[in-house]
Amino acid sequence: MASARPFTHDPSQTAAFRALKETVVQRRTSVTYGWRRPVRAVVIGGGTGAPVSIRTLLSMGVETSAVVAMADDGGSTGILRTEADVTPPGDVRKCIAAFAKNPDDPLTRAFKYRFEVARNHTLGNLMLAALEDATGSFPEAIHICEKLLNAQGHVYPSTLDHITLNAFTCDGHMIEGQAAACKSRTALERVWLTNEEMVQPYMPALEAIRHADLIVLGPGSLFTSIIPNLLVPGIIDAIRQSKGNVLFVCSLADSQGETWGLTALEHYQALIRHGMAGLIDYMLVHTPHPLRAESPATEVFASAFGEDPQYSSISDYGDVQLSARIRPVPITYADVLSIQEQGTVVIARNLKDPLRPTWHDPKALYDAFSGVLKLCRSRQK
């Protein structure tokens, strides 16, 4: 009997890349969206969410870079952190693969291979760890891998320090470690870094943020992929110093415990609690049902995006998704008003991929990002 294949891909990345390739026409030249020069964007996040924003922005012709969380301590990355004392490679590896010019190139595909015969390590993780040891520099290891995959942008770790994420749950329990926190049995209330005041930011990451025209938070795990970047001293200051606009891409479904049951408003409030008050210009949320015509918010959305934007007020998923521990992140009209009262423009659209209900539809995300870039430019005129 033939044995199972010894190599597998990261399924989330593979699905996202294939969907983007099928639904979005790749542009070979930079697009200005009304700007006088090519637009610069920075994606802040990690995990499996940031690559979706990266590939979408690249397909739009936007000059893109990524600032990636360094708190990961699970799976292959956790083993390498503990046993080889290396800088966490996992989230960096996913973003480098997202920047690859040709996702179907054999080297790019091999970079994402996961070896069940070797404790489920990915080749990319092993390459980054080995190159960090060989060069004595994690940024140099990243640079080498970017060249190998012909990356179309740069990945910056938010810090080079070895950090540990801690969390408090909404029911008052403390959790140590990123992997444990994301699997919490109840939603998280707050996260912080051990010895946070001693953590040093990676300066090129700060520079990339300061010079960005658009700063994209997410999508991705709120407390364990997005916020850990914001906890690094200097990151929020760089966002504040940037003349660019900040877009928060809210997750459309929960499949992990860290945000289990939280609404889109509560996602937004969590960012505010972690230092982002007054800094979020736009929030992109998924809602499949149209708002009532008499709703004042309809005019705001329509003026932003024009004809038939398919805005909506609350999510609807069936019992099948809910029973499989996938819960929609709901947004109500009252929530929209509450968020917009704090100075953030809420952009509500049907963003769900029809084949993968927990993923953003690439074409819908493309259209939403395009609209945001036009809004950013009109605000600066």
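Residues numbered from 1 in each chain as written. Predicted model: local features only at pLDDT ≥ 70, side-chain atom pairs only at ≥ 80, totals over all residues. Heavy atoms only, no water.

1. Focus on the environment of G153
- Locating G153 in the fold gives a position in the loop between helix 7 (138–148) and strand 6 (154–157).
- Since its relative accessible area comes to 8%, G153 is described here as buried.
- Considering only alpha carbons, one finds G153 and V42, 111 residues apart in sequence, at a separation of 9.8 Å.
- Apart from residues no more than four positions distant in its own chain, G153 is found in contact with T64, F99 and E146. (Helix = DSSP H or I, 4+ residues; strand = E, 2+ residues; numbered from the N terminus. Buried < 20%, exposed > 50% of the residue type's maximum accessible area, 1.4 Å probe, protein only. Contact = heavy atoms within 4.5 Å.)

2. With respect to the packing of aromatic side chains
- Tallying each qualifying case throughout the model produces one aromatic pair.
- A centroid spacing of 5.2 Å and a plane angle of 40 degrees characterise the contact between F168 and W192, whose relative ring orientation is tilted. One end of the pair, F168, is in strand 7 (residues 165–169); the other, W192, is in strand 9 (residues 188–193), and 24 residues separate them in sequence.
- Take F168: its relative accessible area is 30%, and that puts it in the partly exposed class. (Phe/Tyr/Trp six-rings, centres within 6.5 Å; stacked < 30°, edge-to-face > 60°.)

3. So, the pairing of strand 2 (residues 40–45)
- With respect to burial, strand 2 is a largely interior element, five of its six residues being buried.
- Running through helix 2 (residues 50–59), the crossover from strand 2 to the neighbouring parallel element strand 3 (residues 63–68) is right-handed.
- When strand 2 meets strand 10 (residues 214–217), the two strands line up parallel, connected through four bridges. By the bridge assignment, I44 is partnered in strand 10 with L217. (Right-handed = clockwise from strand over helix to strand, strands pointing away. Pairing = 2+ DSSP bridges.)

4. A look at the side chain of S65
- As for its position among the elements, S65 is in strand 3.
- Not counting the four nearest positions on each side in its chain, S65 is found in contact with A41, V42, V43, F99, H154, Y156 and A208.

5. Some points on the confidence of the model for the protein
- Confidence in the prediction of the protein, expressed as mean pLDDT, is 84, and 80% of residues score 70 or more.
- Every residue in residues 25–30 is under pLDDT 50, and counting partners more than four places away or in other chains gives eleven contacts.
- Of the regions scoring below 50 in pLDDT, residues 291–323 engages in 76 contacts with residues more than four places distant in sequence or in other chains. (pLDDT = per-residue confidence, 0-100.)

6. Considerations on the nonpolar core
- Of all hydrophobic cores here, the largest spans 105 residues; its most connected members are I239, L271 and M276.
- Among the elements that make up this core, the one with the highest residue count is helix 16 (residues 362–380) (nine residues).
- Sequence-distant contacts of I239, defined by excluding residues within four places in its chain, comprise I44, I209, I215, L230, V246, M276 and L279. (Core = buried A, V, L, I, M, F, W, Y, C linked by side-chain atoms within 4.5 Å.)

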